[in-house]
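Here are the chains, one letter per residue:
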Amino acid sequence: MVASTVPPTSATPSPLFCWRWRRTSTAAAFFTASAIFLLNIIPQGASRHGGGDYYGWPKEFARGYTAGRSAFSLFTAPVVEFDVQHLAFDAVVAITAAFGVGLVLELRSRRTSRKVWQFTLNELLVAGMVTAAALGWTVHRNIRQEAALKRLHCHFDTDSYVPHTLRRYLPNMPGGWLRPFDRVTYLHVIGGERTDDFFEPLSQFPDCRELEIEAVFGDGALKHVAHLPALRYLKLESPRLRGEEFERLVTLPRLRTLRLCSPQLSQEGIRQLARLTNVEIDLELRGDGVTAATLAELEQVPGLWWLRLTEARLDDACVAALARLRQLSRLILDSIDVGEDSLLSIMPLGNQTSLQMHNVQSVSFEALNRLRQKMVGGSVVAN
């Protein structure tokens, strides 16, 4: 009689089927997924301008206003911005991490009789190499950013790739300001005359969300500002800024607020602002920069939210151009020379427009009352 050579089938389930894992592996996968879920619903950072907290880990997928930080504020706060692609990326990271942790523990438990907390030298070596690579990456990144901050001589604020509860226990890098896994999210460059190459270190801060530049610089600096893909808020204040390079700002996919202050803003610069259709623009014009031709070009800028006119004279042509800016939410007149009749002819602005006047001496109390009667749904403030 010939003996059968068919090998016996194994009763051990395949590790690819997570519903047949051991309890330890399943619990580890569930704990990993729960931890990443908590990281996504707890605010990971706050906005300096416009209010709101950022949600999402490792990528931010939402920004919402919160009265106070709590674990479930994402579900109760009004969300003002939402990114489906980043949410999908975070979900893939959570699923991959949970499945990976469970699969590793399941394979390990089936190949060895050791307990979960017992490790071999090879396992410790692999864990040490992964940890060293992560620390080496963040140290190298921090060294480059420390050098860039010293070159820019600017104020800054940071966030972290790790949870805030863990970050507080991490020490500062030797001789520096940053901690391991920190990321610079806010920069404020102020004062002095700056060349275009002065802003080259900005490329070292890909996680910067908010940037303010208040200095003397030209349009050439915008080529370095365009290297900040995470930028949401941008303030540019310079007497030499003409706006002829504003087309570079179109490459910033997450830009939502742009504040501009320049007496030399050209009509070509305003035409390029019209290409920023998804950006709220806060514009300040001063002195000789307030002309009828310039104000007429602003009608083509759909994102113009606030307009501030300072130390200028408004003639009838300027007033007629202002009256056509229906997209405005707020119009601010500061130290403006304008007659009462001309000011009354600014109406009709948008019904929701707020008009503020500072140091406008030529307007009487009676004219203010007539303005308030015309501003249906808006408001008039004078001081």
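Here the structure is a predicted model, which is why all the values come from computation and not from measurement. (Residues numbered from 1 in each chain as written. Predicted model: local features only at pLDDT ≥ 70, side-chain atom pairs only at ≥ 80, totals over all residues. Heavy atoms only, no water.)

1. Comments concerning the overall build of the protein chain
Condition: Helix and strand definitions follow DSSP, with helices as H or I runs of at least four residues and strands as E runs of at least two, each counted in order from the N terminus. Here the term buried applies to any residue with accessible area under 20% of the maximum for its type, exposed to any over 50%, and partly exposed to those in between, with areas from a 1.4 Å probe on protein chains only. Two residues form a contact once any of their heavy atoms are found within 4.5 Å. Only the protein chains shown count as cover for residues, with accessible areas throughout obtained via the Shrake-Rupley method and a probe of 1.4 Å.
A tally of regular secondary structure across the protein chain gives eleven helices and 14 strands. Burial status across the protein chain gives 43% buried among its 383 residues. Pairs at least 24 residues apart make up 55% of the contacts formed inside the protein chain by residues separated by at least 6 positions. Entry remark: accessible area of the protein chain is about 20,400 Å², with carbon and sulfur atoms responsible for 58%.

2. Observations concerning helix α1 (residues 23-41)
As a reminder of what qualifies: For a helix, the expected span equals 1.5 Å multiplied by the residue count minus one.
Look at α1: 27 Å from first C-alpha to last across 19 residues, which is about the 27 Å you get at 1.5 Å a residue. Of all the positions in α1, only Ser25, Ala28, Ala29, Thr32, Ile36, Leu39, Asn40 and Ile41 are classed as buried.

3. Overview of a nonpolar patch on the surface
Threshold: By definition, no residue in a patch forms a salt bridge, and every one has over 30% relative accessible area; like charges are joined within 9 Å, nonpolar side chains (Val, Leu, Ile, Met, Phe, Trp, Tyr) within 5 Å. For this document, the term salt bridge refers to a Lys or Arg side-chain nitrogen within 4 Å of an Asp or Glu carboxyl oxygen.
Where nonpolar side chains cluster on the molecular surface, the patch consists of Phe37, Leu38 and Ile42 and spans about 260 Å² of accessible area. With respect to the element layout, Phe37 can be found in helix α1.

4. Focus on the nonpolar core
Operational definition: In this description, a nonpolar core means a group of buried Ala, Val, Leu, Ile, Met, Phe, Trp, Tyr and Cys residues linked to one another through side-chain atoms lying within 4.5 Å.
Ranked by size, the top nonpolar core spans 69 residues in total, and within it Leu211, Leu295, Leu298, Leu307, Leu309, Leu314 and Leu333 carry the most contacts. When residues in this core are grouped by element, the largest group, four residues, is from helix α9 (residues 316-323). Once you skip the residues sitting within four places of it in the chain, Leu307 turns out to touch Leu283, Leu295, Leu298, Leu322, Leu325, Leu328, Arg330, Leu331 and Ile332.

5. A closer look at the pairing of strand β10 (residues 280-286)
Note the cut-off: Here the term right-handed applies to a crossover when the path leading from its first strand over the helix to its second strand runs clockwise, the strands being oriented away from the viewer. Two strands qualify as a pair provided that DSSP identifies no fewer than 2 bridges between them.
The element β10 is largely enclosed, with a buried count of five among its seven residues. With helix α7 (residues 267-273) bridging strand β9 (residues 257-261) and its parallel neighbour β10, the resulting β-α-β unit is right-handed. Where β10 and strand β11 (residues 304-310) come together, six bridges link them in parallel fashion. Along β11, the bridge assignment pairs Asp282 with Trp306. Once you follow β10 into helix α8 (residues 292-297) and on to β11, the crossover reads as right-handed.

6. Quick notes on the pattern of salt bridges
With the rule as written, the count across this model stands at 22 salt bridges. A salt bridge links Glu193 to Arg240; its shortest N-O distance comes to 3.0 Å. Taken together, the residues Glu193 in strand β6 (residues 182-193) and Arg240 in the loop between β8 (233-237) and β9 connect sequence positions 47 residues apart. We classify Glu193 as exposed; its relative accessible area is 61%. Salt bridges linked by common partners bring Glu60, Asp159, Arg183, Arg209 and Arg232 together as one network.

7. Considering the sheet that holds β11
Going by this rule: Axis definition: a line fitted to C-alpha atoms, limited for helices to the stretch in contact. Angles are taken between N-to-C directions and run from 0 to 180 degrees.
Sheet architecture is open: ten strands sit in the order β5-β6-β7-β8-β9-β10-β11-β12-β13-β14, paired in mixed fashion. The strands lining the two open edges of the sheet, one partner per strand, are β5 (155-160) and β14 (379-382). Averaged over neighbouring strand pairs, the angle between their axes works out to 10° when direction is ignored. For β9 and β10, the ladder comprises five bridges, and the chain directions are parallel. The residue of β10 that forms the bridge with Thr257 is Glu280. On top of the sheet, helix α11 (residues 365-374) reaches β13 (354-358) and β14; it is set at about 155° to β14, its chief contact.

8. Description of the confidence of the model for the protein chain
Selection criterion: pLDDT: the predictor's confidence for each residue, scored from 0 to 100.
Taken residue by residue, the protein chain gives an average pLDDT of 82. The fraction at 70 or more is 86%. By mean pLDDT, helix α2 (residues 73-76) is the weakest element of the protein chain at 57, and strand β7 (residues 210-216) is the strongest at 95. The low-confidence segment residues 66-72, where pLDDT is below 50, has 14 contacts with residues more than four positions distant or belonging to other chains.

9. Regarding α11
What counts, and what does not: Here the arc refers to the directions that run from the helix axis out to each C-beta atom.
Where α11 is concerned, the buried positions are Ala367, Leu368 and Leu371. Angularly, the buried residues of α11 cover 100° about the axis, an arc narrow enough to put them on a single face. Of the exposed residues in α11, the ones pointing more than 90 degrees away from its buried face are Phe365, Glu366 and Gln373.

10. Here's the deal with the side chain of Glu106
Rules: Here a polar contact is recorded for every N or O atom pair within 3.5 Å, except that within protein the pair must consist of a potential hydrogen donor and a potential acceptor, and residues adjacent in sequence are included only if both atoms are side-chain atoms.
Within the secondary structure layout, Glu106 lies in helix α3 (residues 84-111). At 2.8 Å, the side chain of Glu106 and the side chain of Ser25 are in polar contact.

11. What to know about the packing of α1 against α3
To be explicit about the condition: An angle below 35 degrees is treated as roughly parallel, one above 145 as roughly antiparallel, one from 65 to 115 as roughly perpendicular, and anything else as oblique. Should the near helix be turned anticlockwise from the far one by less than a right angle, the crossing is left-handed, and should it be turned clockwise, the crossing is right-handed. Three categories are distinguished: nonpolar for Ala, Val, Leu, Ile, Met, Phe, Trp, Tyr, Cys and Pro, charged for Asp, Glu, Lys and Arg, and polar for the others, with Gly belonging to the last.
The contact between α1 and α3 brings their axes to 8 Å, and the two run at 160°. Comparing the axis directions of α1 and α3 gives the class roughly antiparallel. Seen from above, α1 lies across α3 with right-handed handedness. Between α1 and α3, the contacting residues are Ser25, Ala28, Ala29, Thr32, Ala33, Ile36 and Asn40 on the first element and Asp90, Val93, Ala94, Ala97, Ala98, Val101, Gly102, Leu105, Glu106 and Ser109 on the second. Its residues assigned to classes, the contact of α1 with α3 shows ten nonpolar, five polar and two charged.

12. Some words on unusual backbone geometry
For the peptide bond that leads from Trp57 to Pro58, omega is 5°, which places it in the cis range. Along the chain, the position of Pro58 falls in the loop between β2 (53-55) and β3 (62-64). With a phi angle near 50°, His153 is a residue other than glycine that sits in the positive phi range. As for its position among the elements, His153 is in the loop between α4 (121-152) and β5. Backbone geometry at Ser335 places phi at a positive 55°, although glycine is not the residue there. By secondary structure assignment, the location of Ser335 is in the loop between β12 (330-334) and α10 (340-344).

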